[in-house]
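In case you want the letters, here they are:
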Amino acid sequence: MSSNYTPNYRLSQWARPDKVLMEDFNADNAKIDRAIKAQADGLAAEVSARTALAALTAKKGNCRIETRSYTGTGKTGDGVSVSISFSAKPVIFFVIGPRCLLAADCASGYNTFIGYISNGIYGSSFNGGGVEITWSGNTAVLSVPEGYTDLNYANYSYKVIAFLAADA
């Protein structure tokens, strides 16, 4: 029989004069088995809880966000367009330019264009409307009406921010 025990699990620790008994080994192995089993059960419960939490939160939030850009050509008028492709059709997207903002509500088909116009006749002002958006799959095709250089200003890198449905 052992005369000493470990501090945490009270496993047998023998000194030279102690008699080594099979019962001591069996008792120690039973303690170790229970401790390992409790650890494994706790780990399995945590993995199960994390899996359940991941399933619950997988669709939380209401959107995914994508960013794109395009470089303006300076052209406007009939037949001039800008194409912007997305991984799926957005719910809404914005185009941000040097003197303009386009907000496109893809679900309703409505959009709002605000552009800064400066010319010798009218001076400087903000103008809204006039940009038509059509779709080809997941690609938005923006018409660039005559005189709307704000949406296609030469060599300017436009920023596009799109909000897509979380499951799109």
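The rules behind each value
- Residues numbered from 1 in each chain as written.
- Predicted model: local features only at pLDDT ≥ 70, side-chain atom pairs only at ≥ 80, totals over all residues.
- Heavy atoms only, no water.
- Salt bridge = Lys/Arg side-chain N within 4 Å of Asp/Glu carboxyl O.
- Helix = DSSP H or I, 4+ residues; strand = E, 2+ residues; numbered from the N terminus.
- Buried < 20%, exposed > 50% of the residue type's maximum accessible area, 1.4 Å probe, protein only.
- Phe/Tyr/Trp six-rings, centres within 6.5 Å; stacked < 30°, edge-to-face > 60°.
- Pairing = 2+ DSSP bridges.
- Axes fitted to C-alpha atoms, helices over the stretch in contact; angles between N-to-C directions.

**Q** Tell me about the pattern of salt bridges, residues and numbers included.
**A** Counted by the stated rule, this structure contains 4 salt bridges. The residue aspartate 41 makes a salt bridge to lysine 37 at a minimum N-O spacing of 2.7 Å. Of this pair, aspartate 41 and lysine 37 both sit in helix α1 (residues 22–57), 4 residues apart, which is roughly one turn of the helix. Aspartate 41 gets classed as partly exposed once you look at its relative accessible area, which sits at 39%. Close ionic contact of glutamate 66 with arginine 68 constitutes a salt bridge, the shortest N to O distance being 2.9 Å. Classification of glutamate 66 by relative accessible area gives buried; the value is 10%. Arginine 68 gets classed as partly exposed once you look at its relative accessible area, which sits at 30%.

**Q** Residues and numbers for the environment of arginine 64, please.
**A** Relative to the assigned elements, arginine 64 resides in strand β3 (residues 64–71). Residue classification places arginine 64 among the partly exposed residues on the basis of a relative accessible area of 29%. Through-space distance from the C-alpha of arginine 64 to that of leucine 164 is 5.1 Å; in sequence the pair is 100 residues apart.

**Q** Provide a residue-level description of the packing of aromatic side chains, including the pertinent values.
**A** A full pass over the atoms with the stated rule returns 7 aromatic pairs. With 6.2 Å between their ring centres and 40 degrees between their planes, phenylalanine 86 and tryptophan 135 make a pair best called tilted. Taken together, the positions of phenylalanine 86 in the loop between β4 (81–85) and β5 (92–96) and tryptophan 135 in strand β9 (residues 133–136) put the pair 49 residues apart, joining distant regions of the chain. Given a relative accessible area of 25%, tryptophan 135 falls into the partly exposed group. Taking the centre distance of 5.0 Å and the plane angle of 80 degrees together, the rings of tyrosine 156 and tyrosine 158 count as edge-to-face. Take tyrosine 158: its relative accessible area is 0%, and that puts it in the buried class. Members of the aromatic cluster, connected to one another through ring pairs, are Tyr70, Tyr156 and Tyr158.

**Q** Before we move on, could you go through the sheet that holds strand β10 (residues 139–143) and cite the residues and values that matter?
**A** Taken together, 3 strands build an open sheet; the order of strands is β4-β10-β9 and the sheet is antiparallel. Of all strands in the sheet, those bounded by a partner on one side alone are β4 and β9. Adjacent strand axes in the sheet meet at a mean angle of 25 degrees when their direction is disregarded.

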